[in-house]
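# Coordinate inspection notes
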Amino acid sequence: MSAKSVSRSRGSSLMAYLFLAPTLAGIGIFTLIPIVGSLVLAFFRWDIISNPEFVGFQNFTEAAADPTVLVSFGNTILFVVIAVVLQLGLALLLAVLVQERLPNWLRVFFRSAFFFPLILSAASVSIFMGYLFNEQFGVVNWFLGLVGIPAVPWLTTPTGASTVIILVYVWQNFGFSFLLFLGALAGIPKEVYEAASIDGATGWRKHRNVTIPLISPTTLVASVMAIISALQMFDQPYVLTRGGPGDATRTVVMVIYETAFKRLEFGKASAIGLILMLLIMAVTALQFRLSKRYVFYQ
Amino acid sequence: MGDSTRRGDVTRRALLGAIGLGAVGATVAAWPRLTGSDIPGRGEDRLTIAIIGTQADAEARANLVKEFERQNPGIKVRIMAIQSVDWQDFFSKILTMVAAGTPPDIVNVATEGAQLFAERLAHPIDEYVTRDKEDMREYFADVHPSLVEAFMYRGHLYQLPIDWNAANMYYNTSAWNAARLPDPAENWTQVDFRAALASMKQAASGDFVPYYWTNRLFGGVVPWLYANNTSFLKEEKAPGGEWLWDEFYGDSPARSLLSGGYLWQQPNADAPEVYESFDFLRGLVVDGLGVRPEGGGGNTLVGQFASGRVGTTPAGGYWVQGLHEAGMKPTDYDVQFFPRWATGEGSELQRHQFGTAGYAIMKTAKDKEAAWQWLKFSASLEGMKLIFSNPNTTPSRRSMVNEELFGVKGPKHWKRFYDTLDRFPATGPIPAPPQQGSVETALIKNVSLAVSGSEAQMKSALQSLQRDLELALRSNA
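Scoring rules and cut-offs
- Residues numbered from 1 in each chain as written.
- Chains lettered and ligands numbered in written order.
- Predicted model: local features only at pLDDT ≥ 70, side-chain atom pairs only at ≥ 80, totals over all residues.
- UniProt positions renumbered as here; feature names shortened; annotations may be inferred.
- Helix = DSSP H or I, 4+ residues; strand = E, 2+ residues; numbered from the N terminus.
- Buried ≥ 20, exposed ≤ 12 C-beta atoms within 10 Å, placed from the backbone.
- Contact = placed C-beta atoms within 7 Å.
- Rg over C-alpha atoms; globule rule 2.2 N^0.38 Å.
- Pairing = 2+ DSSP bridges.
- Axes fitted to C-alpha atoms, helices over the stretch in contact; angles between N-to-C directions.
- Nonpolar A, V, L, I, M, F, W, Y, C, P; charged D, E, K, R; others polar.
- Domains from an automatic or database assignment.
- Core = buried A, V, L, I, M, F, W, Y, C linked by C-beta atoms within 7 Å.
- Parallel < 35°, antiparallel > 145°, perpendicular 65-115°, else oblique.
- Left-handed = near helix turned anticlockwise from the far one by under 90°.

As annotated in an unreviewed UniProt entry, chain B carries the name Carbohydrate ABC transporter substrate-binding protein, CUT1 family and comes from Tessaracoccus bendigoensis DSM 12906.

Per an unreviewed UniProt entry, chain A is named Carbohydrate ABC transporter membrane protein 1, CUT1 family (TC 3.A.1.1.-), and its organism is Tessaracoccus bendigoensis DSM 12906. Turning to chain A, the UniProt annotation filed under Sequence similarities (unreviewed entry) states: "Belongs to the binding-protein-dependent transport system permease family." According to UniProt, the comment filed for chain A under the heading Subcellular location (unreviewed entry) is "Cell membrane".

The subject of this paragraph is the overall build of chain B. Summing up its helical and strand segments, chain B has 23 helices and 15 strands in all. Across the 477 residues that make up chain B, the buried fraction comes to 49%. Nonlocal contacts in chain B, meaning residues at least 24 apart in sequence, comprise 81% of its contacts between residues at least 6 apart.

Within chain A, the secondary structure is distributed over 13 helices and 2 strands. Relative to its length of 298 residues, chain A is extended, with a C-alpha radius of gyration of 24 Å against a globular reference of 19 Å. Its C-alpha atoms give chain A principal-axis dimensions of roughly 85 × 70 × 35 Å. Per-residue burial over chain A gives 35% buried out of 298 residues. Long-range contacts, defined as pairs at least 24 residues apart, comprise 70% of the intrachain contacts of chain A with a sequence gap of at least 6.

Residue and element names in this part refer to chain B. The sheet built from 4 strands is open, its strands ordered β8-β11-β7-β12 with mixed pairing. Two strands in the sheet have a free side with no partner beyond their single neighbour: β8 (209-211) and β12 (333-336). For this sheet the average axis-to-axis angle between neighbouring strands, irrespective of direction, equals 25°. Inspection of the sheet shows β8 paired to strand β11 (residues 310-315) by 2 bridges, in the parallel sense. Looking at the pairing, V209 lines up with V310 of β11.

Once that is clear, we can look at the interface of chain B and chain A. The parts lose accessible area when they come together, and the size of an interface is often stated as this lost area. Counting residues at the interface gives 30 residues for chain B, matched by 26 residues for chain A. Looking at the side of chain B that touches chain A, the elements with two or more residues in it are α5 (87-99), α6 (111-121) and α22 (436-450) of chain B. The element best represented in the side of chain B that touches chain A is α22 of chain B, accounting for 8 residues. Partitioning the side of chain B that touches chain A into residue classes produces 9 nonpolar, 15 polar and 6 charged.

The next subject is unusual backbone geometry. Note: most residues except glycine have negative phi, and most peptide bonds are trans. All names here are of chain A. For the peptide bond that leads from G244 to P245, omega is -5°, which places it in the cis range. Tracing the chain through its elements places P245 in the loop between α11 (235-240) and α12 (252-262). Positive phi values are uncommon outside glycine, yet I48 reaches one of about 80°. Counting through the fold element by element, I48 comes out in the loop between β1 (44-45) and β2 (53-54). By C-beta crowding, I48 is classed as buried, having 20 other C-beta atoms within 10 Å. Its identity as a non-glycine residue notwithstanding, L264 has a phi of 55°, on the positive side. The class of L264 is buried, set by 25 C-beta atoms lying within 10 Å.

Below, the discussion takes up the environment of N187 of chain B. All names here are of chain B. By the secondary structure assignment, N187 is in the loop between α10 (173-178) and α11 (190-203). It is 9.7 Å that separates the C-alpha atoms of N187 and A342, two residues lying 155 residues apart in sequence. With near-sequence residues (within four places) excluded, N187 lies in contact with R340 and Q350.

Let's shift gears to the domain arrangement of chain B. All names here are of chain B. Partitioning chain B into domains gives domain 1 (47-165 + 355-405) and domain 2 (168-232 + 268-351 + 435-474). For domain 1 versus domain 2, the distance between C-alpha centres works out to 30 Å. Of the residues lining the interface, 11 residues belong to domain 1; the matching set on domain 2 comes to 10 residues. In the side of domain 1 that touches domain 2, the residues fall into 2 nonpolar, 8 polar and 1 charged.

In this section: the UniProt feature "domain: ABC transmembrane type-1" (unreviewed entry) in chain A. As recorded in UniProt, the feature "domain: ABC transmembrane type-1" (unreviewed entry) lies at residues 73-287 of chain A. Within the segment residues 73-287 of chain A, helix and strand shares are 79% and 0% respectively, and the terminal C-alpha atoms sit 19 Å apart.

The next thing to look at is the nonpolar core. Most often, soluble globular proteins have nonpolar side chains that are buried together. Counting 193 residues, the largest nonpolar core has F181 of chain A together with I106, F117, Y158, A360, I361 and W374 of chain B as its most contacted members. Counting residues per element, this core draws most heavily on helix α7 (residues 158-186) of chain A, at 13 residues. Setting aside chain neighbours within four positions, we find I106 of chain B in contact with L47, I49, Y359, A360, I361, M362, A365, A371 and W374 of chain B.

Here we take up the UniProt feature "transmembrane region" (unreviewed entry) in chain A. All names here are of chain A. UniProt records the feature "transmembrane region" (unreviewed entry) at residues 14-44, 77-97, 109-133, 164-188, 214-234 and 271-290, using the numbering of this structure. With 90% helix and 3% strand, residues 14-44 has end C-alpha atoms that lie 40 Å from one another. Taken end to end, residues 164-188 has its terminal C-alpha atoms 36 Å apart, with 92% of it in helix and 0% in strand.

Domain parsing of chain A yields domain 1 (1-41) and domain 2 (58-294). On a C-alpha basis, the centres of domain 1 of chain A and domain 2 of chain A stand 34 Å from each other.

All names here are of chain A. For the pair helix α8 (residues 190-198) and helix α9 (residues 203-214), interaxial distance at closest approach is 10 Å and the crossing angle is 155°. As the angle between them shows, α8 and α9 are arranged roughly antiparallel. Relative to α9, the crossing made by α8 is right-handed. The segment α8 lies against α9, with V192, Y193 and A196 engaging K206, N209, V210 and L214. Residue classes in the contact of α8 with α9 are distributed as 5 nonpolar, 1 polar and 1 charged.

With that settled, consider the pairing of strand β3 (residues 106-110) of chain B. Residues and elements named next belong to chain B. Buried residues dominate β3, accounting for 5 of its 5 residues. Burial of the side chains of β3 extends over both faces: I106, N108 and A110 are buried on one face and V107 and V109 on the other. In this sheet, β3 lies alongside strand β1 (residues 47-52) in parallel orientation, the contact comprising 2 bridges. Bridge pairing in β3 links I49 to I106. Of the strand pairs in this sheet, β3 and strand β13 (residues 353-361) are connected by 5 bridges, and their pairing is antiparallel. The residue of β13 that forms the bridge with V107 is A360.

Written out as structure tokens, the structure reads:
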């Protein structure tokens, strides 16, 4: 390699680093440093006001023995399972309907309409939904009353509150998965469907044997992102129910917030945060491991 | 590529370089904005004051600051209005500022956080009150000692109450009259109250709710516990405080009750009176006379009450302006003292609940003398008249709870707001130990379950409340 090309190569590398610098600085300052800080803090007792005190693994053992923490993990896992299944199922169903049954101009409309809730603030949506699902004055119970169904205590019973939180979460988040699926469906060559038709595949069988395998890489991405997002559910239960009634809708992130800012146990909150991070990493790793068996790359 | 192209066109590298230079130039030009150094007062030697609130009442605050700065030429003030869902949320944001190393000099603190601040963050004002006792005499003569006692912690005073609110009972006169009910007596009991709710329900139609309440420390289950002369925490009083009481409240009829401040160190959810009060509320819910309370609810309450869909609800003087803005005339509703308990000690006391707020000087404040001047001015009649131009709270000064503030917009019996203190000396503050955050979480979590199901569920929820409170009182702060 000539001296000139080496110099040009170095110049290009420098330019590349300069372009990457703002993003790397952002990740470093706002992601990496807080992660490292949280990792360190998990081994200390710290109430913000006094000096931190090293306590070893005590925060982890206390978190593991705290019934509220355990319940919150149970709630979160239940919410994730139901919400992610609903979110992906609804998104895929609507994507197939929009892609196959609608003209192009309507497809554009629905693409925007389904994505719209995602750009709204989750807190605002939750406040609004709180009005809709109010037992006494909510529109939902008013409509149910029209068909003779008595008022449902949506937000004040464990089952009702969990149902509303999952519905609100899915309504607000399925649009992203929908867009991913729509893109994947548009990328399937028509010839594949034609070949399947010639082989006698129709309706559901065509989707089972052609659509689902061909969009499986997208399904993997959508499910990984949906699970990571749902494991961090906070706004909906915090605004709608404050985790109640009892602990019925208390999620892990809510407990992290309460432990840190209400109980001033920042070390324990960091420990719970790290446990959640490990859970997210484990679930994601499992998904990628399973993907070798179920994901089909063309 | 031809020579002409090389000469005439800008190369990609040159273009990128120009963009880079442009970005650097723009960053330099915008530096004051990016760093916030163009925000008035930042970086200067100003007294920083954190308050809960929005820009809604900015004009009154600006007038207060302007007058304070005019009277104290050497002191510049910067108000930081911190938008928060509730007091707990506000305190969390203040704690974040403390952790970031940028604490304000003064914080507006309500009863909910008074002991947290007193224990960890605030500087006592005993020396200033004692030094300026002649200036302060007029203030204390105008303010009920129970409000001051709420800011006394282990014998030291940390704040001067500026405003407060009692949990009184608002009732909708149209619903009340439709049920042909006479005006409730001032010494009515919970039995009378329940009978009135049943009558209103019978006379009403549609989605009418006789009693609407929210699940929180103020106005939730606590007034019903106080009415029964109990609480979910064991209430004790610390010794001390004579330096203040003897100086300013020596002649007060309440003098013998005044102490070095409240202490809440033990849970009390297993007391029979607590069970009794919870069971009363559960009965209201079961019989459709009261709502199941939502956690943090109450957003729609003013509108629902103004539209006549709510019969009664606990609230204080702060509600008058909201109801006025919602279109209610003073004759559309009235206010009565909270009912007393029909039996036991609560029957004689008719104890009520209140919450108050005032400014606290932070331990870290650079110029505590300037901070004290702010506290003194805010508590002066002049300062309070500047800030309380509307009845959206109850001023701590008795003389300001008057015809001018409440007579036009307020209900017929607006005098009951301050009478709640003057006529019932046992009236007490929101129970809020230094661990208030976790205590409130424990209460809200278990109240909703306790009043929404069977008696067995209530017993289980109260046991859970007792356990959670034990843990909460052992936690930090």
